[in-house]
Amino acid sequence: MAMGAEMGAAARARGLGGALLRRREASVALMIVALVVFLTFANEFFLTPRNLLNVGRQGSVVAIVALGQALVIISRGLDLSVGSVIGLSAVISAWVARATGGQELALLAGLGTGALVGAVNGGLFTRLNINPFIATLGTLSIARGIALLITGGIPISYSGGVAGFLGAERIYTVPVSLILMLVLAVLFHVFASRTRIGRNIYAVGDNPTAARLAGIDVEGTRMLVFILCGMLAGLGGIILAGNLASANPDLGRGYELDVIAAVILGGTALSGGRGSIHGVVLGALLMALLSNAFVLLGLSAHWQVVSKGLVIIMAVGIDGIRRGRED
Amino acid sequence: MTPIVETRRITRRFGDVTVLSGIDLAIPRGHIVGLLGENGAGKSTLMNILAGALAPSSGQILFDGAPVELGSVAAGRALGIRFVHQELSTAASLSVAENVFLGGYLAERGFVNRRRLNAGAREVLARVGLGHVDPRVPLGRLRSGEQQLVELGKAIAEEPRLLILDEPTSSLTPAESDRLFTLAHELAGRGVGIILITHRLEEALAHCDRVVVLRDGQLIVDRPARGLGKADLIVHMVGRPAIFTHEPPAAPPTGERLRVAGLCDGETLAGIDMSARGGEVVGLFGLVGAGRTEFLETLYGFRRARGGAVWIDGAPMPLGKVTEAARRGLFMLPEGRKTRGILPTHSVRGNISISCLAGITRAGLVDRQAERRLTDRMAGALNIRMAGIGQPITALSGGNQQKALFARALLAKPKVLLLDEPTHGVDVGAKAEIHGIIRDLAADGTAIVVASSELPEILAIADRCLVFAGGRVVAELGRDEMSEAAILRHAFALRADARQPDPPEVPAHV
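Residues numbered from 1 in each chain as written. Chains lettered and ligands numbered in written order. Predicted model: local features only at pLDDT ≥ 70, side-chain atom pairs only at ≥ 80, totals over all residues. Heavy atoms only, no water.

Asker: Would you explain the overall build of chain A in this entry?
Answerer: A tally of helices and strands in chain A yields 15 helices and four strands. Computed over its C-alpha atoms, the radius of gyration of chain A comes to 20 Å, within 12% of the 20 Å expected for a compact globule of 327 residues. Structurally, chain A occupies a C-alpha span of about 60 × 55 × 35 Å along its principal axes. Counting contacts in chain A only where the partners sit at least 6 residues apart, residues at least 24 apart contribute 78% of the total. Here chain A has roughly 13700 Å² of accessible surface; of this, 69% comes from carbon and sulfur atoms. Each charge sign in chain A was given a centre, from 23 positive and 15 negative side chains, and these centres are 3 Å apart. (Helix = DSSP H or I, 4+ residues; strand = E, 2+ residues; numbered from the N terminus. Rg over C-alpha atoms; globule rule 2.2 N^0.38 Å. Contact = heavy atoms within 4.5 Å. Areas by Shrake-Rupley, 256 points an atom, 1.4 Å probe, with all protein chains shown as cover. Lys, Arg positive; Asp, Glu negative; His and termini not counted. Charge placed at Lys NZ, Arg CZ, Asp CG, Glu CD.)

Asker: Would you explain the overall build of chain B in this entry?
Answerer: Helix and strand content of chain B: 18 helices and 22 strands. In terms of overall dimensions, chain B is globule-like: its C-alpha atoms have a radius of gyration of 25 Å, near the 24 Å expected for 510 residues. By its C-alpha atoms, chain B is 70 × 45 × 45 Å across when sized along the principal axes. When each of the 510 residues of chain B is scored for burial, the buried share is 51%. A separation of at least 24 residues holds for 67% of the contacts in chain B among residues at least 6 apart in sequence. A total accessible area of about 21300 Å² is found for chain B, and carbon and sulfur atoms account for 51% of it. Here chain B carries 60 positive and 56 negative side-chain charges, and the mean point of each set is 4 Å from the other. (Buried < 20%, exposed > 50% of the residue type's maximum accessible area, 1.4 Å probe, protein only.)

Asker: Just to check I follow, could you spell out the sheet that holds strand β6 (residues 81-84) of chain B for this structure?
Answerer: Consider a sheet: its strands pair through backbone hydrogen bonds, and that pairing is either parallel or antiparallel. Residues and elements named next belong to chain B. Pairing within the open sheet is mixed, and its six strands lie in the order β6-β7-β8-β3-β9-β10. Unpaired on one side and paired on the other, β6 and β10 (218-224) mark the two borders of the sheet. Mean inter-strand twist for the sheet, computed between neighbouring axes without regard to direction, equals 15°. Summarising the sheet, strand β9 (residues 210-215) and β10 pair through six bridges and their orientation is antiparallel. Counted as the bridge partner of Leu-214 is Leu-219 from β10. (Pairing = 2+ DSSP bridges. Axes fitted to C-alpha atoms, helices over the stretch in contact; angles between N-to-C directions.)

Asker: So what exactly am I meant to see when it comes to the packing of helix α8 (residues 161-168) of chain A against helix α12 (residues 218-244) of chain A here?
Answerer: For any two helices packed against each other, the geometry is given by the interaxial angle and the distance between the axes. Residue and element names in this part refer to chain A. Two numbers describe how α8 lies on α12: the axes approach to 7 Å, and their chain directions differ by 85°. It follows that α8 is roughly perpendicular to α12 by the angle criterion. Side by side, α8 and α12 meet where Ala-163, Gly-164, Leu-166, Gly-167 and Ala-168 of the first sit next to Leu-235, Ile-238, Ile-239, Gly-242 and Asn-243 of the second. Residues of the contact of α8 with α12, tallied by class, amount to six nonpolar, four polar and no charged. (Parallel < 35°, antiparallel > 145°, perpendicular 65-115°, else oblique. Nonpolar A, V, L, I, M, F, W, Y, C, P; charged D, E, K, R; others polar.)

Asker: I'm lost on the domain arrangement of chain B in this one. Help?
Answerer: One widely used convention gives an interface's size as the accessible area the parts lose upon coming together. All names here are of chain B. In terms of domain boundaries, chain B breaks down into domain 1 (5-238), domain 2 (243-329 + 414-510) and domain 3 (348-409). On the side of domain 3, nine residues touch domain 2, which itself brings eleven residues to the contact. Taken over both partners, the interface formed by domain 2 and domain 3 buries close to 800 Å², and the fraction arising from carbon and sulfur atoms is 72%. Three residues, Glu-433, Ile-434 and Ile-437, lead the burial of domain 2 against domain 3; their summed loss comes to 51% of the area buried on that side. For the pair domain 2 and domain 3, the number of links is two salt bridges. Applying the counting rule to domain 2 against domain 3 returns four residue pairs in polar contact (both at pLDDT 80 or more). Those elements giving two or more residues to the side of domain 2 that touches domain 3 turn out to be β19 (416-420) and α15 (428-443). The element best represented in the side of domain 2 that touches domain 3 is α15, accounting for five residues. Among the residues making up the side of domain 2 that touches domain 3, the classes are represented as nine nonpolar, no polar and two charged. (Domains from an automatic or database assignment. Buried area = accessible area lost by both parts, 1.4 Å probe. Salt bridge = Lys/Arg side-chain N within 4 Å of Asp/Glu carboxyl O. Polar contact = N/O pair within 3.5 Å; in protein donor to acceptor, adjacent residues only side chain to side chain.)

Asker: Looking at this structure, I do not really get the pairing of strand β21 (residues 464-469) of chain B. What am I missing?
Answerer: For a regular strand, side-chain orientation follows a simple rule: the groups alternate between the two sheet faces. All names here are of chain B. Judged by how many residues are buried, β21 sits mostly within the fold: six of six residues are covered. Of the two faces of β21, the one carrying Arg-464, Leu-466 and Phe-468 and the one carrying Cys-465, Val-467 and Ala-469 are both buried. With five bridges connecting them, strand β13 (residues 281-286) and β21 associate as parallel partners. Among the inter-strand pairings, Phe-285 is bridged to a residue of β21, identified as Val-467. The antiparallel hairpin formed by β21 and strand β22 (residues 472-478) contains two residues in its connecting segment, where Gly-470 sits at a positive phi of about 55°.

Asker: Would you mind going over the nonpolar core with me for this structure?
Answerer: One finds Leu-67, Leu-71, Tyr-158, Phe-188, Leu-235 and Leu-286 of chain A to be the most contacted residues of the largest nonpolar core, which totals 89 residues. The element contributing the most residues to this core is helix α4 (residues 49-74) of chain A, with 14 residues. Not counting residues within four places of it along the chain, the set of residues in contact with Phe-188 of chain A comprises Leu-67, Leu-71, Leu-228, Leu-232 and Ile-277 of chain A. In terms of nonpolar packing, the next biggest core, distinct from the first, is built from 64 residues, Leu-213 of chain A together with Leu-258, Leu-410 and Ala-451 of chain B among them. (Core = buried A, V, L, I, M, F, W, Y, C linked by side-chain atoms within 4.5 Å.)

Asker: Just checking my understanding: could you explain the interface of chain B and chain A for this structure?
Answerer: Between chain B and chain A, the residue contacts involve 33 residues of the former and 27 residues of the latter. Summed over both partners, the interface of chain B with chain A comes to about 2500 Å²; 60% of that surface belongs to carbon and sulfur atoms. At the junction of chain B with chain A, the criterion picks out one salt bridge. Measuring nitrogen to oxygen at the nearest pair gives 2.5 Å for the salt bridge that ties Glu-371 of chain B to Arg-199 of chain A. The interface formed by chain B and chain A includes nine residue pairs in polar contact (both at pLDDT 80 or more). For the side of chain B that touches chain A, the secondary-structure elements that each account for two or more residues are α10 (322-327), β16 (330-333), α11 (337-341), α12 (348-353), β18 (365-366) and α13 (368-381) of chain B. With four residues, α11 of chain B is the single largest residue contributor to the side of chain B that touches chain A. The residue inventory of the side of chain B that touches chain A, partitioned by class, reads 15 nonpolar, twelve polar and six charged.

Asker: Which parts of the structure should I look at to understand helix α14 (residues 398-411) of chain B?
Answerer: Note that an α-helix has 3.6 residues per turn; residues three or four places apart therefore point the same way. Residues and elements named next belong to chain B. Under the 1.5 Å per step criterion, the end-to-end length of α14 is 20 Å for 14 residues, consistent within 8% with the ideal 20 Å. Most of α14 sits out of view: 13 of its 14 residues are buried. Directly after α14, the chain includes Lys-413, whose backbone phi takes a positive value near 50°. (Expected span 1.5 Å × (residues − 1).)

Asker: Is there a simple way to explain the packing of aromatic side chains in this structure?
Answerer: The geometry of an aromatic ring pair comes down to the distance between the two centres and the angle between the two planes. Residues and elements named next belong to chain B. All chains considered together, the criterion is met by four aromatic pairs over all chains. Between Phe-295 and Phe-468, the ring centres sit 5.6 Å apart and the planes meet at 45°, which makes this aromatic pair tilted. Of this pair, Phe-295 sits in helix α9 (residues 292-299) while Phe-468 sits in strand β21; the two residues are 173 residues apart in sequence, bridging distant segments of the chain. Neither residue differs from the other here; Phe-295 and Phe-468 are each classed as buried. (Phe/Tyr/Trp six-rings, centres within 6.5 Å; stacked < 30°, edge-to-face > 60°.)

Asker: So what exactly am I meant to see when it comes to the environment of Ile-461 of chain B here?
Answerer: Counting through the fold element by element, Ile-461 of chain B comes out in helix α16 (residues 455-461). Spatially, the C-alpha atom of Ile-461 of chain B lies 6.8 Å from that of Val-281 of chain B, the residues being 180 residues apart in sequence.

Asker: What is the right way to read the sheet that holds β21 of chain B from this model?
Answerer: Residue and element names in this part refer to chain B. In space, the six strands of this open sheet follow the order β16-β19-β20-β13-β21-β22, with mixed pairing throughout. Looking at the sheet topology across the chains shown, the edges are occupied by β16 and β22. Along the sheet, successive strands turn relative to each other by an average axial angle of 20°, direction set aside. Relative to β19, β16 is paired through four bridges, and the arrangement is parallel.

Asker: Just checking my understanding: could you explain a nonpolar patch on the surface for this structure?
Answerer: All names here are of chain A. A cluster of nonpolar side chains, namely Trp-95, Ile-142, Ile-146 and Ile-150, defines an oily patch on the protein surface of about 380 Å² accessible area. For the nonpolar patch, the element with the highest residue contribution is helix α7 (residues 132-151), accounting for three residues. Assignment of secondary structure puts Ile-146 in helix α7. Using a relative accessible area of 35% as the deciding quantity, one classes Ile-146 as partly exposed. (Patch = residues over 30% accessible without salt bridge, like charges linked within 9 Å, V, L, I, M, F, W, Y side chains within 5 Å.)

Asker: Any chance you could explain the side chain of Thr-169 of chain B here in plain terms?
Answerer: All names here are of chain B. In this fold, Thr-169 is placed in the loop between β7 (162-166) and α6 (174-189). Residue classification places Thr-169 among the buried residues on the basis of a relative accessible area of 1%. Those residues in contact with Thr-169 that sit more than four places away from it in its chain are Ser-177, Leu-180, Phe-181, Arg-200 and Glu-203.

Laid out in structure tokens, this is it:
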């Protein structure tokens, strides 16, 4: 990204090593390297194409949703509803597929559902001035409730078609969802760093008042990031449902934690204005590697839940200590 | 008799800047001392030192004749020094009574007795003329003047020995002001020392035993109020040579670029009419609270307008939306560089280019080469001193940050540029450079409206001056009528008039 490149240039004067350590993405990259080295020695199955591609597939949904969440957080917002949107979009998409048989229509319905919830989130924030934490906590519950109401709590089968292709197919052994994630990451990277609107997102998160006075449409920018985030959560829901060949109304429960963790691990500041798409992808990769480690080492899944929390606190803590020293 | 408090050669420096030098001041028991001076004269710094919020760089404070080191506001309070600030520091959703006794609540062994609390508050409220106020209602329901009086009540409830009041009457009705001064005299009669910071000269002359004038960090006058006149005080306050000289515009102004008719906001502004032509620098002067900032922000759409119309180059402009104003050629550099100007985690380049990205977008993408070229050129033209344009903006000095914001404004290519305190907190060298930038911009045909509380600045750059008071334009002075004395006379003279009608009794939170 433009700013990243410039700051990198300025930092080069202080030594490349120092610059690397100073980048927030560096801590997550180091953790990934450490974990990869450890797992390579701990389990002979880890460093096989099959396992690694599996890690990639499992991480891709978190990464895709995290792309949207990253833009929201960079603009100084927060979207807690993404897990519920995954479930609601999956259910609605499956329901449309079953009712009409139109696969493309089902895809659009899923994305549209996500965009709609995103627009509601954005509207609650920008028009009614409800803190996004609270607004999306509300829609988290509402969206989940609607998914349960529609299905009566019973999963809808959802196999084949676009969802099946995105969620379960492979191209030359590479999962489609992983390819889709990488393509989207490149697109979002260009969008965030190279377009006017992308740059406005950073400005709005950095100092909303200054951004408004500089002529930026602050409300419009906030609406857009929430809609994009909702849409990507909708896409995540379709992929997950396609993978399981079933749209469970409980799908995506708790995903908001993984998604927000990936964004924060990737070096995005909750105070807005700072963050990068490649950092977020790294963050999602670390989360996926951690899950993989617990499976390979045969550790309790309950400990995995604890470890997720520890990793977030550690990553942000290290950064806080480092920044505290600089001040 | 020993004075309550006495300062000996108090000096305070911030970095290389000396804001107070060698101040000797004594506040005897039962005296009301008026403290006057322009913005930036050092009044607040001196009072913060007396209250314990700031430490002096050198010098001594004597309390009851004994040297003290305050070190904190709490230490000052323990000695009986209370500073009532102009800005409210009250908790709006707590009740009036809770605010009066904030922190202690007249509690017994940790438990608050509501009846006792409210009764205590009623007593205090009666003393400050708020006997009609129910101490149980949330403070936020009160008018801002009433809230100010609650703040005063809070201070006198602690029976202070030295009371510092900063612009206490700025949001009070005349009746409330009278009540406040009655109370002040009553407290003085009981031996309390009072320091009154005010911009209202007539108040100082009418109610103070002594008047102290600060100018550029020095004590200029310390005399009994009796026998002093308003004219003397103005001369003392501004009596410094103009540092900057005015250069006449390069070319006669062109056609009208900005017209404002009857702009009001339902709060401060009472129908502002003005216009500005291309190549012209229009200065806005006014005392604190006169409405200059409100005017610029309402014009730019940052605050909501309640009436009026604006034309840019003859075309009407919708009010209330900054994006619209910016699209039609208006641009504003606000007061408060840190809070409203810079994007603190962005680079210098990112800060400069943020308002011109639309113009350099090709096929959906920002042309980074064009961005680099434009920002480099601007940084060079405005002489922004920095290690590199990729540096974080916060690494620059205030003056260079401000120049970067000017670069942002210039790249937005405005037809009309609004500037609010463009050289606030900027050193003298950068100030002169910024004045040069403003003149060059005007020479290119931009209409410039600049609000400043520094008279020498207005005199240096403005081709015409509008004087604000009480939310209206009270005088318009052409270049040859502009002088410090003339401008100040208008700014002060209409004070009494502007206060005639009582402010409407609306709750403060509306």
